[in-house]
Amino acid sequence: QQTQKEQTMDFLTEMLKDHKFALAFTQEEFATQCTELICYELDKQNTQMEVLAERLEWNPKKLKKILRGKNIRIKTLAKIFFALGLELKLTTKEK
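Note that the coordinates shown come from a computational prediction; the quantities given were computed from them, not determined experimentally. (Residues numbered from 1 in each chain as written. Predicted model: local features only at pLDDT ≥ 70, side-chain atom pairs only at ≥ 80, totals over all residues. Heavy atoms only, no water.)

1. A word on the side chain of Thr 47
This is how it is decided: Only DSSP runs of H or I with at least four residues qualify as helices, and only runs of E with at least two residues qualify as strands; both kinds are numbered from the N terminus onward. Contacts are assigned to residue pairs with any non-hydrogen atoms lying within 4.5 Å of each other.
With respect to the element layout, Thr 47 can be found in the loop between helix H2 (19–44) and helix H3 (49–56). With residues up to four places along the chain from it excluded, the contact list for Thr 47 reads Leu 42, Leu 52 and Arg 55.

Following this line, the structure appears as structure tokens:
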């Protein structure tokens, strides 16, 4: 008898065989990693989201919407990390 976690992993493994699903999953995973990294840095720097929004000259609602991970643009990411005093470096690895 498989556990719920094992069933979920088997299902996900099967779904990832489909190219379109795998691409969409990869895009969502990347967006999630970016927003998690931004939130991590905000916490690490003890910076409020409102302060970051002010540095970006954005309404805090705009920043919150972006951090939900929908349609994050590379230039937007670069601007956010710049406002945090950070340089974003990307790496790749084989799947």
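Still to come is the rest of the account.
2. A few points about the confidence of the model for the chain
As a general rule, the predicted coordinates of low-pLDDT regions are not to be interpreted in detail. Note the threshold: Confidence of the prediction at every residue is given by pLDDT, a number between 0 and 100.
Summary statistics for the chain give a mean pLDDT of 90 and a share of 97% for residues scoring 70 or more. Per-element confidence in the chain is highest for H3, whose mean pLDDT is 96, and lowest for helix H4 (residues 60–67), whose mean pLDDT is 90.

3. Describing the packing of aromatic side chains
Put simply, the rule reads: Within 6.5 Å between ring centres, the rings of Phe, Tyr and Trp (the latter by its six-membered ring) count as paired, and their orientation is classed by plane angle as stacked under 30 degrees, edge-to-face over 60, tilted in between. Buried means the residue's accessible area, taken with a 1.4 Å probe over protein chains only, is under 20% of the maximum for its type, while exposed means over 50%, and partly exposed covers the values in between.
According to the stated counting rule, one finds one aromatic pair in the structure shown. Ring centres of Phe 21 and Phe 25 lie 6.2 Å apart, and the angle between their planes is 25°; this geometry places the pair in the stacked category. In this pair, Phe 21 and Phe 25 both sit in helix H2, four residues apart, roughly one turn of the helix. Of the residues examined, Phe 25 reaches a relative accessible area of 30% and is grouped as partly exposed.

4. Considering the nonpolar core
For clarity, the cut-off: Buried Ala, Val, Leu, Ile, Met, Phe, Trp, Tyr and Cys residues form a nonpolar core when they are joined through side-chain atoms within 4.5 Å.
In terms of nonpolar packing, the biggest core is built from 15 residues, with Ile 38, Leu 52, Leu 56, Trp 58, Leu 63, Ile 80 and Leu 84 touching the most fellow members. Counting residues per element, the ones that place at least two in this core are H2, H3, H4 and helix H5 (74–83). Ranked by residue count, the leading element in this core is H5, at four residues. In this structure, Leu 84 is in contact with Ile 38, Glu 41, Leu 42, Gln 45, Leu 52 and Arg 55, ignoring residues within four places of it in sequence.

5. Details of the pattern of salt bridges
Selection criterion: In what follows, salt bridge is the name for a side-chain nitrogen of Lys or Arg lying within 4 Å of a carboxyl oxygen of Asp or Glu.
Going through the model one piece at a time under the given rule, you end up with two salt bridges. Residue Lys 17 is joined to Glu 14 by a salt bridge in which the shortest nitrogen-to-oxygen separation is 3.2 Å. Classification of Lys 17 by relative accessible area gives exposed; the value is 62%. The closest approach of N and O atoms between Glu 87 and Lys 89, which form a salt bridge, is 2.9 Å. For the pair Glu 87 and Lys 89, a shared accessibility class is recorded, and that class is exposed.

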